[in-house]
Amino acid sequence: MRKAHIKRKTFETDVDIELNLDSSKKPVINTTIPFMDHMLTLFAAHAGIYLKINAKGDTEIDDHHLVEDMGITLGQAFKEALGDKKGITRYGQFLLPMDEALSYTALDISGRPHLSYEAEIKFQTTGFNYDLIQEFFIALVNNAAITLHIKMIKGRNNHHIAESIFKGFGHAFATAISKNKKNKNIPSTKGIL
């Protein structure tokens, strides 16, 4: 089974992630940031994977360190769980409506990190800093070594936009990691990803 258990402990954060790409057991997410608990639960449920995260950090300063370190650790877990990537579909894309919000996500488990992120989320003075969504995906992409495109097509409500992005990423990820019944090899003419 495609599994990983990654821990990252710094002077600022302590992140422990268990991942099973072949189990759809209910996710268990405890990050001390309720918004990220919600988004990561949505991601795991829509990806059809088991994800367990226990994370804490210096959120009394702000949420940046913890959100970024969760992206780093989750990216490392993805990379480890996918192993040599033999037999995966490799590519995934999804167009996801969430009420008035609509986003498009496309990804390639390419071995080459790249993020294109286009989402106009409005600044607000209280609550979760929505700019950290991009920081999370930068860290994830760089550590998972995947190419990821996220484009908000329309939206008004920050929460709906974020849900559209995380759910869409889950669906695109599910397709990309799915087993290709016709090809059990590494999905690249180079023979390596």
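Residues numbered from 1 in each chain as written. Predicted model: local features only at pLDDT ≥ 70, side-chain atom pairs only at ≥ 80, totals over all residues. Heavy atoms only, no water.

**Re the pattern of salt bridges**
Enumeration over the complete set of coordinates arrives at seven salt bridges. Here Glu118 makes a salt bridge to Lys151, at a shortest N to O gap of 2.9 Å. Taken together, the residues Glu118 in strand E7 (residues 114-118) and Lys151 in strand E8 (residues 147-154) connect sequence positions 33 residues apart. For Lys151, a relative accessible area of 40% corresponds to the partly exposed category. (Salt bridge = Lys/Arg side-chain N within 4 Å of Asp/Glu carboxyl O. Helix = DSSP H or I, 4+ residues; strand = E, 2+ residues; numbered from the N terminus. Buried < 20%, exposed > 50% of the residue type's maximum accessible area, 1.4 Å probe, protein only.)

**Let's talk about the sheet that holds E7**
One open sheet holds the four strands; their spatial order is E5-E6-E8-E7, and the pairing between them is mixed. Edge strands, defined here as strands with exactly one partner in the open sheet, are strand E5 (91-98) and E7. Going from strand to strand, the sheet's axes swing by 10° on average, the running direction of each strand aside. Bridging between strand E6 (residues 101-108) and E8 involves seven bridges; their strand directions are antiparallel. Paired with Leu102 across the strands is Lys154, a residue of E8. Each of E7 and E8 touches helix H3 (residues 132-144); the most contacted strand, E7, lies at about 165° to it. In the packing of helix H4 (residues 158-177) onto the sheet, contacts are made with E5, E6, E7 and E8, and the angle to E5 comes to roughly 150°. (Pairing = 2+ DSSP bridges. Axes fitted to C-alpha atoms, helices over the stretch in contact; angles between N-to-C directions. Contact = heavy atoms within 4.5 Å.)

**Quick notes on the pairing of strand E2 (residues 13-20)**
In the sheet, strand E1 (residues 3-9) pairs with E2 via seven bridges, with the strands oriented antiparallel. Note that in E2 the partner of Lys7 across the bridge is Asp16. Following E1, the chain reverses through three residues before pairing antiparallel with E2. Across eight bridges, E2 lies against strand E4 (residues 50-57) in antiparallel orientation. Bridge pairing in E4 links Glu18 to Lys52.

**As for the side chain of Ser103**
Positionally, Ser103 belongs in strand E6. For Ser103, the side chain forms a polar contact with the side chain of Ser164, separated by 2.6 Å. Not counting residues up to four positions away in its chain, the partners in contact with Ser103 are Phe94, Leu95, Leu96, Lys151, Met152, Ile153, Ser164 and Ile165. (Polar contact = N/O pair within 3.5 Å; in protein donor to acceptor, adjacent residues only side chain to side chain.)

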